[in-house]
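# Descriptive structure summary
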Amino acid sequence: MNSPLDVNELKAVMDTANLTDAPDFLVRSRREVVRLFNGLFEAGAALSISVMNSEDGAESTLLDVDEPGQRLLLDCPPGWLGVTRRHSGGDTLMLTSVRGDTKIQFQSAMGEIIAVDDARVLCLPMPDFLWRFQRRRDVRRAAAGLKISLNLGFGCADAQVCDLGMGGIGVFHCDSALHLHPGELLQGCAIALPGVGQVAVDLTVRHVTPERLANGHYVTRVGCEFSQLDSHTQQLLAHCLETLAEDIQ
């Protein structure tokens, strides 16, 4: 088991709490991947670049979506040449862009810096897939400090809740060896609600994505949807969400 995450670290990644765990989060269609990148390019949307498990990061924009060459050309951030030299051993980049109510996220190799018209350009391979999150209909509340026990059938794994809503829950699992998959059903999980105790819920895994902490390290966020909540459990969750809303205010 990894050590529990610090509450401040959890709050640092709560920007995902208002994004949906919709079934279409994972985009594998080559046509759709290119279409989304062209949308970012045409909008001049900013891209956040970070080296996974590192404090190195920068902001950039797309200069071109080269579909025939299967590559993305980005404005090379100042000082990025030094970053690529420090991470020449094959580290991974995480790139994120938020446009309106949609968040696009994808991973990439470090790529290379090339010269185009006497300017430095960061050239990255076109990813095979990306994550697309839409703003959700049900409000999620940041819930750092809540615990959940995930029933895996062959045993249980403790996890930390990062956000909670009437429709589902986001958790950071603490066991690096645990592998969950979209569509997987977890029955008989138990959320520890303040003043109530253990509340049993069934969960359907909707997405499993990396999230960057304030210290540059990554954890795995598992977004789950509640399955067939009874009225009593709904009331308990609603009361808990009201309490969380009061705490935020």
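First things first, this report covers the structure right here in the doc. This is a predicted model, so every value here is computed, not measured. (Residues numbered from 1 in each chain as written. Predicted model: local features only at pLDDT ≥ 70, side-chain atom pairs only at ≥ 80, totals over all residues. Heavy atoms only, no water.)

## Quick word on the overall build of the protein
- For the protein, the count of helices and strands is four helices and 16 strands.
- Across the 249 residues in the protein, those meeting the buried criterion constitute 48%.
- As displayed, the protein has an accessible area near 12,500 Å², and 47% of this comes from carbon and sulfur atoms. (Helix = DSSP H or I, 4+ residues; strand = E, 2+ residues; numbered from the N terminus. Buried < 20%, exposed > 50% of the residue type's maximum accessible area, 1.4 Å probe, protein only. Areas by Shrake-Rupley, 256 points an atom, 1.4 Å probe, with all protein chains shown as cover.)

## Quick notes on the packing of aromatic side chains
- A full pass over the atoms with the stated rule returns two aromatic pairs.
- Ring geometry for Phe 37 against Phe 106: centres 5.0 Å apart, planes inclined by 85 degrees, an arrangement best described as edge-to-face. With a gap of 69 residues between them, Phe 37 in helix α2 (residues 30–43) and Phe 106 in strand β6 (residues 102–109) connect regions that are remote in the sequence.
- On the numbers, 5.6 Å between centres and 85 degrees between planes, the contact of Phe 129 with Trp 131 is edge-to-face.
- Using a relative accessible area of 7% as the deciding quantity, one classes Trp 131 as buried. (Phe/Tyr/Trp six-rings, centres within 6.5 Å; stacked < 30°, edge-to-face > 60°.)

## Here's the deal with the pairing of strand β16 (residues 218–226)
- In terms of residue burial, β16 counts as a mostly covered element, since seven of its nine residues are buried.
- Relative to β16, strand β15 (residues 197–212) runs antiparallel, the two being bridged by nine bridges. Following the sheet pairing, Val 208 is matched in β16 by Val 222.
- Counting the residues in the hairpin turn of β15 and β16 gives five residues, including Gly 216, whose phi is positive at 95 degrees. (Pairing = 2+ DSSP bridges.)

## Focus on the pattern of salt bridges
- All chains considered together, the criterion is met by seven salt bridges.
- In this structure, the salt-bridge partner of Arg 86 is Asp 56, at a minimum N-O distance of 3.0 Å. Pair noted here: Arg 86 is in helix α3 (residues 80–86) and Asp 56 is in the loop between β2 (46–51) and β3 (57–66), with a separation of 30 residues, a long-range link.
- For Arg 86, a relative accessible area of 54% gives the class exposed.
- Classification of Asp 56 as buried rests on a relative accessible area of 18%.
- Here Arg 71 makes a salt bridge to Asp 66, at a shortest N to O gap of 2.7 Å.
- A relative accessible area of 30% means that Arg 71 is categorised as partly exposed. (Salt bridge = Lys/Arg side-chain N within 4 Å of Asp/Glu carboxyl O.)

## Let's talk about the nonpolar core
- Ranked by size, the top nonpolar core spans 29 residues in total, and within it Ile 148, Leu 150, Leu 164, Ile 169, Leu 203 and Phe 226 carry the most contacts.
- Listed by contribution, the elements that provide at least two residues to this core are β11 (147–151), β12 (156–164), β13 (168–173), β14 (185–193), β15, β16 and α4 (231–248).
- In this structure, Leu 164 is in contact with Val 139, Arg 140, Arg 141, Ala 143, Leu 146, Ile 169, Phe 226, Leu 237, Cys 240, Leu 241 and Leu 244, ignoring residues within four places of it in sequence.
- Core analysis: the second largest hydrophobic core is formed by 27 residues, Val 65, Phe 106, Met 126 and Leu 130 among them. (Core = buried A, V, L, I, M, F, W, Y, C linked by side-chain atoms within 4.5 Å. Contact = heavy atoms within 4.5 Å.)

## With respect to the sheet that holds β3
- Strand order in the open sheet formed by nine strands is β1-β9-β6-β5-β2-β3-β4-β8-β7, and the pairing between neighbours is antiparallel. Every other strand in the sheet has two partners, leaving β1 (26–27) and β7 (112–116) as the edge strands with one partner each.
- Taken together, the eight bridges between strand β5 (residues 92–99) and β6 define a ladder with antiparallel strand orientation. Looking at the pairing, Thr 96 lines up with Gln 105 of β6.

## Considerations on the environment of His 207
- Following the sequence through the fold, His 207 ends up in strand β15.
- Exposure remark for His 207: the relative accessible area of 0% places this residue in the buried category.

## As for the pairing of β2
- Two elements, β2 and β3, share five bridges in a ladder whose sense is antiparallel. The residue of β3 that forms the bridge with Ser 50 is Gly 57.
- Relative to β5, β2 runs antiparallel, the two being bridged by four bridges. Note on β5: the bridge partner recorded for Val 51 is Leu 93.

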